[in-house]
Amino acid sequence: MRKLVAGNWKMNGLVSSQAEIEALKGLTGSATCDIVVCPPFTLIDRAVERVKDSNLVIGAQDCHAQQSGAHTGDVSAEMLADIGARYVILGHSERRVSHGEDDEIVRAKAVAAHRGGLIAIVCVGETRHERDEGRAIEVVGEQLRESVPEGATSANLVIAYEPVWAIGTGLVPTNEQIEEVHAAIRQMLEERLGSDGNSVRILYGGSVKSSNAEAIFGLRNVDGALVGGASLKASEFAGIISAAV
Ligand SMILES: O=C(CO)COP(=O)(O)O
């Protein structure tokens, strides 16, 4: 399966950060994977202009479940598609924790993403405590079952496994732990989507860097990465992209 490497800029980036996208274009012209950059809302419009005629595409980090209406401060999937975004990250643990987003909200947002024509990158992952209790697969399975909407296909859904304790910490699960969870996700996707579940890309996210990317991409059922901090610097992100063969 062709790999997908997505960069989640989180709440980082000013207009001047467009230079990183420009540099990334120059560094990834011959990349053999799909590449998505998800800057903050404020930069999406400009970023879409910048990546025209390149192999980069632009995504967002969230959307509202409704198409329009009295939702102060929110942005809909249709608005994102309207300015040229192609993907949207949903259910990131930073939103699940700090914005109280539960699986039902994530699923409603995924329905909205599909209605708006966006590819949903749905994030799942256990906390340290849940892993220590031996419940990682159970927690991820529950999130997956409840967050993935009807109508999901390999063309409009990507899953990102992001153990909460690995995000921004420099900690990475062992190869066995990653393979175990990815295999469980694959099985659940097959149960849910039939043979098409085989074609849904499952990304790993959490402290991915150019120095560990190759080893992670070599693992079974790892179809790419969702990268936070290391996506902010073009040269570092390009190092990860070049490992995704
Ligand atoms: O949250 C992440 C991507 O969505 C991962 O963040 P880091 O790569 O900074 O650990």
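Residues numbered from 1 in each chain as written. Predicted model: local features only at pLDDT ≥ 70, side-chain atom pairs only at ≥ 80, totals over all residues. Heavy atoms only, no water.

Enquirer: Would you take a moment to explain the UniProt feature "binding site: substrate" (unreviewed entry) in the chain for this structure?
Expert: Under the UniProt annotation, the feature "binding site: substrate" (unreviewed entry) is placed at Asn8, Trp9, Lys10, Gly168, Ser207, Gly228 and Gly229. The annotated residues occupy 222 residues of the chain but converge on a single region, no pair of C-alpha atoms lying more than 14.0 Å apart. Restricting the annotated residues to those that line the largest pocket leaves Asn8 and Lys10. Positionally, Asn8 belongs in strand E1 (residues 4–8). Those residues in contact with Asn8, other than ones at most four positions away along the chain, are Cys38, Gln61, Ile89, His92, Leu226, Val227, Gly228 and Ser231. A polar atom in the side chain of Asn8 sits 2.9 Å from the backbone nitrogen of Lys10. Of note, Gly228 is situated in the loop between strand E8 (224–227) and helix H10 (234–243). For Gly228, the contacting residues outside a window of four places in its chain are Asn8 and Lys10. (UniProt positions renumbered as here; feature names shortened; annotations may be inferred. 1 Å grid on protein atoms, 1.4 Å probe; cavity = no way out; pocket = protein on both sides within 12 Å on 5 of 7 lines; lining within 4 Å. Helix = DSSP H or I, 4+ residues; strand = E, 2+ residues; numbered from the N terminus. Contact = heavy atoms within 4.5 Å. Polar contact = N/O pair within 3.5 Å; in protein donor to acceptor, adjacent residues only side chain to side chain.)

Enquirer: Would you take a moment to explain the confidence of the model for the chain for this structure?
Expert: One rule of thumb: low pLDDT means the predicted coordinates there are not for detailed reading. For the chain, per-residue confidence averages 97 on the pLDDT scale, and residues scoring 70 or more make up 100% of the total. Taken together, the chains of this predicted complex give a pTM of 0.98 and an interface ipTM of 0.99. (pLDDT = per-residue confidence, 0-100.)

Enquirer: In this structure, what is going on with the packing of helix H1 (residues 18–27) against H10? I would like to understand it.
Expert: Working note: a packed helix pair is described by the angle between its axes plus the distance between those axes. Close contact between H1 and H10 brings their axes to 9 Å; oriented N to C, the two are set at 35°. Every pair of crossing elements has a handedness; the one defined by H1 and H10 is right-handed. Between H1 and H10, the contacting residues are Glu20, Ala23, Leu24 and Leu27 on the first element and Ala234, Ser235, Phe237, Ala238 and Ile241 on the second. Grouping the constituent residues of the contact of H1 with H10 by class yields 7 nonpolar, 1 polar and 1 charged. (Axes fitted to C-alpha atoms, helices over the stretch in contact; angles between N-to-C directions. Left-handed = near helix turned anticlockwise from the far one by under 90°. Nonpolar A, V, L, I, M, F, W, Y, C, P; charged D, E, K, R; others polar.)

Enquirer: Would you explain the UniProt feature "active site" (unreviewed entry) in the chain in this entry?
Expert: In the numbering used here, UniProt assigns the feature "active site" (unreviewed entry) to His92 and Glu162. For the annotated residues, spread through 71 residues, the largest C-alpha to C-alpha distance comes to 8.3 Å, consistent with a single compact locus. Considering only the annotated residues already named, the ones lining the largest cavity are Glu162. You can call His92 buried: its relative accessible area is 4%. Excluding residues within four positions of it along the chain, His92 makes contact with Asn8, Lys10, Cys123, Glu162 and Ile167. Setting aside residues no more than four positions away along its own chain, Glu162 makes contact with His92, Cys123, Val124, Gly125, Ile167, Gly205, Gly206 and Leu226. Side-chain polar atoms of Glu162 contact the side chain of His92, separated by 3.0 Å. (Buried < 20%, exposed > 50% of the residue type's maximum accessible area, 1.4 Å probe, protein only.)

Enquirer: Quick question: what am I supposed to make of the pattern of salt bridges here?
Expert: A pair can form between side chains of opposite charge whenever their charged atoms are brought close. Across all of its chains, the model carries 20 salt bridges by this definition. For Arg201, the salt bridge goes to Asp34, with nearest N and O atoms at 2.9 Å. Of this pair, Arg201 sits in strand E7 (residues 201–205) while Asp34 sits in strand E2 (residues 34–38); the two residues are 167 residues apart in sequence, bridging distant segments of the chain. The partner of Glu101 in a salt bridge is Arg95, and the shortest N-O contact between them spans 2.8 Å. Through salt bridges with shared partners, one network takes in Asp62, Arg95, Glu101 and Lys109. (Salt bridge = Lys/Arg side-chain N within 4 Å of Asp/Glu carboxyl O.)

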